[in-house]
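Observations on the three-dimensional arrangement
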Amino acid sequence: MEIAGKIAEFLFGKKPGRGMMLFGLTIVLIVLIMAIFAPWIAPYDPTQSSDDVFAPPSGEHLMGTNRLGQDMFSRIVWGSRIVLYVVFIATLISMAIGIPLGLVSGYYGGKTDRALSVVMDSIYAFPALILAIVIAVVLGPSPLNTAIAISFVYVPTYFRMVRGQTLSLKGQLFVEAAHAIGAKNREIMFKYILPNLAPTILVVFTLSVADAILTEAGLSFLGLSVTPPTPDWGYDLRVGQPFLLDGYWWLVFFPGVMIMLLAMAFALIGEALNERVSLGTR
């Protein structure tokens, strides 16, 4: 409850970056509504082929149709489910691993800290997309495997942030007071230190989600995320790309715009939150 209260105050308080925050949240809310109510919003079955191939945007097909006659608007709507599922599962997995390891490493220090830091720095040294591609190839194409591949990439990000913050907080007076009243190490880490990390974790979460959206799109573009005919923005971008020079611009325009808008929305939220964190530390 204490962590939830800090997050609510941090998000909705009257602080800098309000415009960016509201704009980003509006886009995210629209995509969430699309994902939740996809069966009612999409006018057609996104996997159903038809004879109406390469139809341009019109009243019947708002975003046109692809080479198989599938309605692009329906594929965009249903594709939002895959994108949100992959990036949120990936981010939650990386948080569930990186945050506790960062707390333990920063709090205890010594050999534990050195060993964990070496492992995380080794992972961090690899280019994120290449590492995700390698893991996705090993695991095989599926949304869950894609989420696992992406999560592996972002574990060091949470670890390094939490470890650094824990190192600076464990010497504070409130931690010493907790020791004085007989609080156990685990209680100190999760009850006293972790709530103070909530604003920073929220910033890293939004920025990592923005980056994960682009990573998921990259994996889908390479055919490493979903299998046909599953609707996915990155996959549709890949399938439509060969037909761009033939004048079928809508095949890549709409999936590309959706990827850009959603990634930008989380990036704007992250920047707004970062301004608030920076203001609070002055």
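First, a word on scope: everything that follows refers to the structure included in this document. Just so you know, these numbers come straight off a predicted model, no measurement behind them. (Residues numbered from 1 in each chain as written. Predicted model: local features only at pLDDT ≥ 70, side-chain atom pairs only at ≥ 80, totals over all residues. Heavy atoms only, no water.)

**Considerations on the pattern of salt bridges**
- Under the criterion given, the structure shown has 4 salt bridges.
- Residue R160 pairs with D121 through a salt bridge whose shortest N-O separation is 3.0 Å. In this pair, R160 sits in helix α7 (residues 143–169) while D121 sits in helix α5 (residues 110–125), placing the two residues 39 residues apart along the sequence.
- The salt bridge partner of E187 is K191, with a shortest N-O separation of 3.8 Å. Placement of both E187 and K191 in helix α9 (residues 185–221) is noted, with a separation of 4 residues, approximately one turn of the helix. (Salt bridge = Lys/Arg side-chain N within 4 Å of Asp/Glu carboxyl O. Helix = DSSP H or I, 4+ residues; strand = E, 2+ residues; numbered from the N terminus.)

**Concerning the packing of aromatic side chains**
- Enumeration over the complete set of coordinates arrives at 11 aromatic pairs.
- A centroid spacing of 4.2 Å and a plane angle of 10 degrees characterise the contact between F54 and Y248, whose relative ring orientation is stacked. Taken together, the residues F54 in the loop between α3 (38–41) and α4 (72–108) and Y248 in the loop between α10 (233–240) and α11 (250–280) connect sequence positions 194 residues apart.
- Classification of F54 by relative accessible area gives buried; the value is 19%.
- Ring pairs connect the aromatic residues F54, F243, Y248, W249, W250, F253 and F254, which therefore count as one cluster.
- It is R160 that lies over the ring of Y124; its NZ or CZ is 4.1 Å from the centre. (Phe/Tyr/Trp six-rings, centres within 6.5 Å; stacked < 30°, edge-to-face > 60°. Buried < 20%, exposed > 50% of the residue type's maximum accessible area, 1.4 Å probe, protein only. Lys NZ or Arg CZ within 6 Å of the ring centre and 35° of its normal.)

**Digging into the packing of α5 against α7**
- Remark: α5 packs on α7, axes separated minimally by 9 Å, with the N-to-C direction vectors making an angle of 135 degrees. One way to sum up the angle between α5 and α7 is to call them oblique. Regarding α5 and α7, the two cross each other, and that crossing is left-handed. For the pair α5 and α7, contact is made by D113, L116, S117, M120, D121, I123 and Y124 and by F152, V155, P156, T157, F159, R160 and R163, respectively. (Axes fitted to C-alpha atoms, helices over the stretch in contact; angles between N-to-C directions. Parallel < 35°, antiparallel > 145°, perpendicular 65-115°, else oblique. Left-handed = near helix turned anticlockwise from the far one by under 90°. Contact = heavy atoms within 4.5 Å.)

**Side note on the environment of T230**
- Within the secondary structure, T230 is located in the loop between α9 and α10.
- Using a relative accessible area of 25% as the deciding quantity, one classes T230 as partly exposed.
- C-alpha separation for the pair T230 and R75, spaced 155 residues apart in sequence, amounts to 8.5 Å.
- If sequence neighbours within four positions are ignored, T230 has contacts with R75, I82 and Y235.

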